[in-house]
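In case you want the letters, here they are:
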Amino acid sequence: MTYNDIGIGGALDWKRIRKLMCIGIFGALLTLVGDMLLGWGVHDPSVAGLEGFLSAYRDLSDGRIFFSALLGMIGIPLEALSYFAIYRLIAPYSEKHAHLYRSGILGTLAFAGCGVHVPCLACVFFYKYMAIASPENALALSVRFGAYFLLPATIVFFIFWIVQHIAHITAFAKGKTPYPNWCWIFCPAVGMALLMLLKFLPETALRNAMTAAWISWGNLWMFIGLLILSKKAERQKGATV
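Residues numbered from 1 in each chain as written. Predicted model: local features only at pLDDT ≥ 70, side-chain atom pairs only at ≥ 80, totals over all residues. Heavy atoms only, no water.

J.: Any details on the environment of Ile 76? Residues and values, ideally.
T.: Within the element layout of this structure, Ile 76 appears in helix α3 (residues 62-82). Note on Ile 76: relative accessible area 11%, which makes it buried. Along the sequence, Ile 76 and Cys 114 sit 38 residues apart, while their C-alpha atoms lie 9.2 Å from each other. Apart from the residues lying within four places of it in its own chain, the contact partners of Ile 76 are Thr 31, Ala 112, Gly 113 and His 117. (Helix = DSSP H or I, 4+ residues; strand = E, 2+ residues; numbered from the N terminus. Buried < 20%, exposed > 50% of the residue type's maximum accessible area, 1.4 Å probe, protein only. Contact = heavy atoms within 4.5 Å.)

J.: So, the nonpolar core: which residues are in play, and what are the values?
T.: In terms of nonpolar packing, the biggest core is built from 32 residues, with Met 21, Ile 86, Tyr 101, Tyr 179 and Leu 226 touching the most fellow members. Contributions of two or more residues to this core are made by α1 (14-39), α4 (84-90), α5 (95-133), α7 (151-173) and α10 (214-237). Setting aside its immediate chain neighbours within four residues, Leu 226 contacts Met 21, Ile 86, Phe 172, Tyr 179, Cys 183 and Phe 186. (Core = buried A, V, L, I, M, F, W, Y, C linked by side-chain atoms within 4.5 Å.)

J.: So, the packing of α5 against helix α6 (residues 138-149): which residues are in play, and what are the values?
T.: Where α5 contacts α6, the two axes come as close as 9 Å, and the packing angle between them is 160°. Compared by their axis directions, α5 and α6 come out roughly antiparallel. Where α5 crosses over α6, the two elements pack in a sense that is right-handed. On the side of α5, the interface is formed by Gly 115, Pro 119, Ala 122, Cys 123, Phe 126, Tyr 127, Met 130 and Ala 131, while α6 contributes Ala 138, Leu 139, Leu 141, Ser 142, Phe 145, Gly 146 and Phe 149. (Axes fitted to C-alpha atoms, helices over the stretch in contact; angles between N-to-C directions. Parallel < 35°, antiparallel > 145°, perpendicular 65-115°, else oblique. Left-handed = near helix turned anticlockwise from the far one by under 90°.)

J.: Could you give me a rundown of the side chain of Arg 18, with the residues and numbers involved?
T.: Structurally, Arg 18 can be placed in helix α1. Judged by its relative accessible area of 15%, Arg 18 is buried. Side chain to side chain, Arg 18 and Glu 234 meet in a polar contact 2.9 Å long. If we ignore the near neighbours within four places in the chain, the residues touching Arg 18 are Leu 227, Ser 230, Lys 231 and Glu 234. (Polar contact = N/O pair within 3.5 Å; in protein donor to acceptor, adjacent residues only side chain to side chain.)

J.: Summarise the pattern of salt bridges; cite the residues concerned and give the values.
T.: This model, assessed by the stated rule, comprises four salt bridges. Measuring nitrogen to oxygen at the nearest pair gives 3.6 Å for the salt bridge that ties Glu 51 to Arg 58. On the basis of relative accessible area, Arg 58 is assigned to the partly exposed category, the value being 29%. Of the charged contacts, one joins Lys 128 and Asp 62 as a salt bridge, the two residues approaching to 2.8 Å between their closest N and O atoms. Residue Lys 128 is located in helix α5, and its partner Asp 62 is located in helix α3; the two are separated by 66 residues in the primary sequence. Overall, Asp 62 belongs to the partly exposed group, its relative accessible area being 34%. (Salt bridge = Lys/Arg side-chain N within 4 Å of Asp/Glu carboxyl O.)

Right under this line is the structure:
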């Protein structure tokens, strides 16, 4: 192989791949709990726009904010490292797709946890106390705080995320993995889209909590789906390529 394989051999190590998928499920569950701690609540119907969205966080306890940040800070890197299971499935079949997918992994490791998730919770904490100290300025200052400390990393992260998904979907759809082509549906974006259909239901605290964890649900969709089908893929294509 000519690609930079980071010490990975040419044979598909299905035992290690499945182990990474299980770690990914664990990491996704940690992040899921953290996101649901953040999202559990309802919005003030008397307030419109962004302020109405943020109103759900006014009564959020400091403990929930802290544990939401902590669980995501731990769970997101575990998810990202476990993406190497999918990278390993692609690498023997397509050097190009493997390089693109790995770029997405590195971007997620660099920006998703401490670059996006934790600053998001910092924005929530900032807004909560600004709404008490200076209600008339809370929204404007919170938006500025987010623009300075959350938005830049979020933009960079989603660029990497899009690249990773393009590599994932095209590699699976073109048969550049040991899985059937239709298994491209087991990418996080599809699971996220399915979960967000809950937005069409009446607002409840549970609905808001689940949709706040949409990326975690997407990762669970991917890891669980590919893990369930891994035995079948191994039998069909074998342990080597």
